[in-house]
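Listed below, chain by chain, are the residues.
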Amino acid sequence: MIEPTPIPPLLDVEGLTVTFPAAEGRLPVVRDFALTMGREKIGIVGESGSGKSITARSILGLVRPPGQVTARRMQLGGTDLTSLTPKGWRDIRGKQVGMILQDPKFSLNPVKRIGGQIEETLRLHDSIGRRERRRRALETLHAVGIDDPERVYRAFPHELSGGMGQRAMIAAMLVSSPDLLIADEPTSALDVIVREQVLRLLDHLVSQRGLGLILISHDLPMVARFCDRILVMYHGRVVEQVRASELHAANHPYTRGLLDCLPKAGSRGCMLPTLSRDAAWEQA
Amino acid sequence: MMQPLIAVQDVDVFYGRGRQRFHAVRSANLAITPRETFGLVGGSGSGKSTLLRVLAGLWSNWSGSASVAGTMLQPQRLPPRHFHRHVQMVFQDPYASLNPRHTVDRILSDGLQLHSFANVEGRVADVLDQVGLGARFRFRYPHELSGGQRQRVAIARAIALEPDVLLLDEPTSALDASVQAEILNLLVSIRQQRQVTCVFVSHDLAVIGHVCDRVAIMQKGSIVERLEVDDLVAHRVQHPYSRELLSASDLSTAGRGT
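Residues numbered from 1 in each chain as written. Chains lettered and ligands numbered in written order. Predicted model: local features only at pLDDT ≥ 70, side-chain atom pairs only at ≥ 80, totals over all residues.

Enquirer: What's the story with the overall build of chain B in this structure? I'm lost.
Expert: Tallying secondary structure elements over chain B gives nine helices and 10 strands in all. Its C-alpha radius of gyration of 18 Å places chain B within 12% of the 18 Å reference for a compact globule of 258 residues. By principal-axis analysis of the C-alpha atoms, chain B measures approximately 50 × 50 × 40 Å. A burial count over chain B gives 45% of its 258 residues as buried. The long-range fraction of contacts in chain B, counting pairs at least 24 apart against all pairs at least 6 apart in sequence, stands at 66%. (Helix = DSSP H or I, 4+ residues; strand = E, 2+ residues; numbered from the N terminus. Rg over C-alpha atoms; globule rule 2.2 N^0.38 Å. Buried ≥ 20, exposed ≤ 12 C-beta atoms within 10 Å, placed from the backbone. Contact = placed C-beta atoms within 7 Å.)

Listed below in structure tokens is the structure:
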């Protein structure tokens with residue numbers, strides 16, 4: 001009898017540490033990060049400099065020297081990421097993992113038409129004809145809620161608004177159907193109404209296509225509303241892991257502090273509580 | 001009825017000229033009384049920052065009538081220097097609004113010297129204390145400061161001249177939530193100590209609800225609704241755009257469990 005092989009988790013990371021050189025030896029910016037996830041929505045929350053973006057970048061092999069990435073285990077759907085060659089990384093990026101960055105103004109190529117930028121991943125990873133590529137690009141643009149895909153396909157990034165640009169970016173990441181999507185502050189350059197539309201779209205696409213999602217943000221309430229599980233990072237370390245539905249019961253003083261310092265109805269004219277940081281949090 | 005300190009009547013603001021002209025703000029009307037904190041809210045491109053630039057005397061391509069802190073602003077020309085002694089502005093991005101080659105001391109004393117203040121040394125020290133930085137920050141450069149500390153310097157630069165009007169363009173949106181709380185607290189304490197009128201631009205309704213007395217909501221260059229902040233907090237709004245704005249920001253500020 002053959003033992004049924006268990007389905008490996010989508011992403012399995014253990015003991016991920018990223019260091020950069022500093023005057024007094026190597027400075028760890030991510031310390032002992034661990035995450036095992038399936039096709040679910042994970043939120044990583046923390047303030048500037050907490051290491052959340054570097055964590056995402058190291059999953060994509062995008063940390064350049066002098067930065068150094070080490071991990072006890074780092075696997076993506078059965079592929080070992082710790083021993084990948086540059087060619088191996090290129091096969092994974094875009095094809096298996098897509099990344100959405102903060103501001104479409106800086107992350108889309110300003111001198112290339114949107115259509116060409118969306119087709120780029122298809123050109124690199126699949127051997128399909130031009131016509132089929134175009135068809136898929138238009139189909140994906142339609143899927144991200146763009147009403148006139150033909151116009152956007154021909155447009156340059158500066159001809160699109162922030163929300164449209166971010167939709168085009170999501171389309172570029174989805175077109176080759178990756179298994180995992182990493183969104184690094186995907187909505188913080190957008191205004192509240194557009195932010196809501198883009199989040200709803202991401203939510204819809206991720207559940208419809210059954211993708212795994214890592215959403216990185218400093219906005220704890222937003223992440224809580226959107227994700228299944230939340231990791232709270234402080235000084236490169238995950239200080240608390242909590243189910244989004246149980247955020248109100250979070251007990252780490254840092255998580256509580258992040259929630260309490262937000263202005264809310266009834267706080268008017270009063271002083272807001274501020275975070276008093278504790279050196280012990282870095283050890284926890 | 002108190003005499004308004006900021007009165008804006010039928011102001012239209014433009015970018016570019018001739019056929020390239022873009023109509024950024026359409027017939028805006030505002031009357032802001034002394035010591036009030038007034039909020040301008042709207043999405044990207046709604047014209048809120050543009051209107052603020054006109055009030056700050058930083059943009060001249062407009063028509064209509066506007067008076068700020070006792071000075072009638074003239075369309076198509078920038079106000080005289082003494083205007084800026086009474087009206088000061090704090091910008092959104094503390095990484096871009098401080099000269100990287102100047103020390104904090106020079107950033108703060110330049111304005112005081114320009115407006116011929118006496119005892120510049122003493123005033124710089126006082127204002128640094130007031131924004132919670134203290135003397136040890138005096139001879140640092142901006143790159144040696146965190147985002148929150150830089151925004152404190154920008155606020156110190158503005159209040160050092162003891163202005164009547166403080167214009168704030170999204171002063172906390174580039175900052176982390178915990179730092180935002182510190183800056184908002186600083187603004188509350190400044191308002192308790194000084195007779196200052198504020199105009200606060202933001203797209204974050206929770207922040208606006210926390211600091212403002214009255215609010216104008218802008219969409220595509222027009223003011224679509226004016227309301228008391230209590231009505232905003234209680235969701236008593238009329239215009240469909242205000243409703244949309246409220247429901248979108250409600251979702252992003254109120255977590256599932258809270």
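Enquirer: What am I meant to see in the pairing of strand E8 (residues 197-202) of chain B here?
Expert: Look at any regular strand and the pattern is simple: side chains alternate between the two faces of the sheet. Residue and element names in this part refer to chain B. Summarising burial for E8: six of the six residues are buried, a large majority. Burial of E8 is two-sided: the residues Thr197, Val199 and Val201 facing one way and the residues Cys198, Phe200 and Ser202 facing the other way are all buried. The pairing of strand E7 (residues 165-169) with E8 spans five bridges and is parallel. From the neighbouring strand, Leu168 faces E8, where its bridge partner is Phe200. (Pairing = 2+ DSSP bridges.)

Enquirer: Got a minute to help me understand the sheet that holds strand E3 (residues 37-42) of chain B in this structure?
Expert: Within a sheet, adjacent strands bond to each other through the backbone by hydrogen bonds, running parallel or antiparallel. Residues and elements named next belong to chain B. Strand order in the open sheet made by the six strands is E6-E7-E8-E3-E9-E10, with mixed pairing throughout. Each of the sheet's edge strands pairs with one partner strand only, and the pair in question is strand E6 (87-90) and strand E10 (222-228). Averaged over all pairs of adjacent strands, the angle between strand axes in this sheet comes to 20 degrees, irrespective of strand direction. Inspection of the sheet shows E3 paired to E8 by five bridges, in the parallel sense. Opposite Gly39, over in E8, you have Phe200 as the bridge partner. Each of E3, E7, E8 and strand E9 (214-219) is contacted by helix H1 (residues 48-55), which is oriented at about 150 degrees to E8, the strand it contacts most. The sheet strands contacting helix H5 (residues 147-160) are E6 and E7, and the helix crosses E6 at an angle near 175 degrees. (Axes fitted to C-alpha atoms, helices over the stretch in contact; angles between N-to-C directions.)

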